[in-house]
Amino acid sequence: RWGARAARGQAIVEFALVLPIFLLIVFGIFDLGRIVFLQAALENGVRDGVRIAGREVWVRDDEGNGLNSEQYASWQSAIEALVQSERAISEATVTATCVEPPATPAPPPHCTYAARVTVTASMTTSFVASGLLPGIPAPTLEASASGELR
């Protein structure tokens, strides 16, 4: 009779020792999958931003001479809003720039023919497993894409 109670007590102690490790592994796998998903969403967002950027330039540029400062600011806001419209990355910091062929940010007009458009995004996320292991630093995810206006 005492042997059965001792075995039950031993099982509870073993369970208490193994449970935190098991939960850490399960939540770690969950966090890894979530971070891979967020990184893919960031990369897709900036890629879409570059793809749409060229169209947005021509919508705002009536004469084909490039964008003035006001049109350029409107263009940047539209691209940033497009990238942030993806629900998973709505909190990302997005920057859209247009660099003229001599490879320097030029004064107006911006985004003339053959300019290089670059869209970058970054966001900081947290781990679900950080509740089990406090002190885990939050990862910062970054993505960038660029293309040439044609």
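Residues numbered from 1 in each chain as written. Predicted model: local features only at pLDDT ≥ 70, side-chain atom pairs only at ≥ 80, totals over all residues. Heavy atoms only, no water.

**Here we look at the overall build of the chain**
Tallying secondary structure elements over the chain gives 2 helices and 3 strands in all. Sequence-ordered secondary structure for the chain, helices as α and strands as β, is α-α-β-β-β. For the chain, with 150 residues in total, the buried portion stands at 29%. Of the contacts formed within the chain by residues at least 6 apart in sequence, a portion of 65% connects residues at least 24 apart. (Helix = DSSP H or I, 4+ residues; strand = E, 2+ residues; numbered from the N terminus. Buried < 20%, exposed > 50% of the residue type's maximum accessible area, 1.4 Å probe, protein only. Contact = heavy atoms within 4.5 Å.)

**A few points about helix 2 (residues 69–84)**
For helix 2, with 16 residues, the first-to-last C-alpha span of 23 Å sits near the 22 Å given by 1.5 Å per residue. For helix 2, the complete set of buried residues consists of Tyr-72, Trp-75, Ile-79 and Val-83. Mapping the buried residues of helix 2 onto a view down its axis gives an arc of 65°, with all of them on the same face. (Expected span 1.5 Å × (residues − 1). Arc of directions from axis to C-beta.)

**Observations concerning the pairing of strand 3 (residues 140–148)**
Side chains Leu-141, Ala-143, Ala-145 and Gly-147 project from strand 3 onto a buried face, and the interleaved Thr-140, Glu-142, Ser-144, Ser-146 and Glu-148 project onto a face without burial. Both strand 2 (residues 116–124) and strand 3 contribute to a ladder of 9 bridges, which runs antiparallel. Each bridged residue has a counterpart across the sheet, and for Met-123 the counterpart in strand 3 is Leu-141. (Pairing = 2+ DSSP bridges.)

**What about a nonpolar patch on the surface?**
A cluster of nonpolar residues, Val-13, Phe-15, Leu-17, Val-18, Leu-19, Phe-22, Val-26, Phe-27, Phe-30 and Val-128, forms a patch on the protein surface that exposes about 920 Å² of accessible area. With respect to the secondary-structure elements, Val-128 resides in the loop between strand 2 and strand 3. With relative accessibility at 41%, the residue Val-128 sits in the partly exposed group. (Patch = residues over 30% accessible without salt bridge, like charges linked within 9 Å, V, L, I, M, F, W, Y side chains within 5 Å. Areas by Shrake-Rupley, 256 points an atom, 1.4 Å probe, with all protein chains shown as cover. Salt bridge = Lys/Arg side-chain N within 4 Å of Asp/Glu carboxyl O.)

**Points about the sheet that holds strand 2**
Spatial strand order, 1-2-3: 3 strands in an open sheet with antiparallel pairing. Because the sheet does not close on itself, it has two edges, and the strands there are strand 1 (93–99) and strand 3. Adjacent strand axes in the sheet meet at a mean angle of 10°, parallel and antiparallel pairs treated alike. The strands touched by helix 2 are strand 1 and strand 2; relative to strand 1, the strand with the most contacts, the crossing angle is about 140°. (Axes fitted to C-alpha atoms, helices over the stretch in contact; angles between N-to-C directions.)

**Focus: the side chain of Gln-39**
Within the secondary structure layout, Gln-39 lies in helix 1 (residues 2–60). Of the polar contacts made by the side chain of Gln-39, one reaches the backbone oxygen of Glu-142; its length is 2.9 Å. With residues up to four places along the chain from it excluded, the contact list for Gln-39 reads Leu-141, Glu-142 and Ala-143. (Polar contact = N/O pair within 3.5 Å; in protein donor to acceptor, adjacent residues only side chain to side chain.)

**Topic: the pairing of strand 2**
Residues Val-117, Val-119, Ala-121 and Met-123 line the buried face of strand 2, whereas the alternating positions Arg-116, Thr-118, Thr-120, Ser-122 and Thr-124 sit on a face that is not buried. As judged from the 7 bridges shared by strand 1 and strand 2, these two strands associate in the antiparallel manner. By the bridge assignment for strand 2, Thr-95 is matched with Thr-120.

**A closer look at the side chain of Asp-31**
Here Asp-31 is to be found in helix 1. Here Asp-31 is in contact with Phe-127, Val-128 and Ala-129, once residues within four sequence places are set aside.

**A few points about the packing of aromatic side chains**
Tallied over the full model, the rule gives 1 aromatic pair. Their ring planes at 20° and their centres at 5.4 Å tell us that Tyr-72 and Trp-75 sit as a pair that is stacked. Of this pair, Tyr-72 and Trp-75 both sit in helix 2, 3 residues apart, roughly one helical turn. Look at Tyr-72 and you get buried, because its relative accessible area is 11%. The exposure class assigned to Trp-75 is buried, which follows from its relative accessible area of 0%. (Phe/Tyr/Trp six-rings, centres within 6.5 Å; stacked < 30°, edge-to-face > 60°.)

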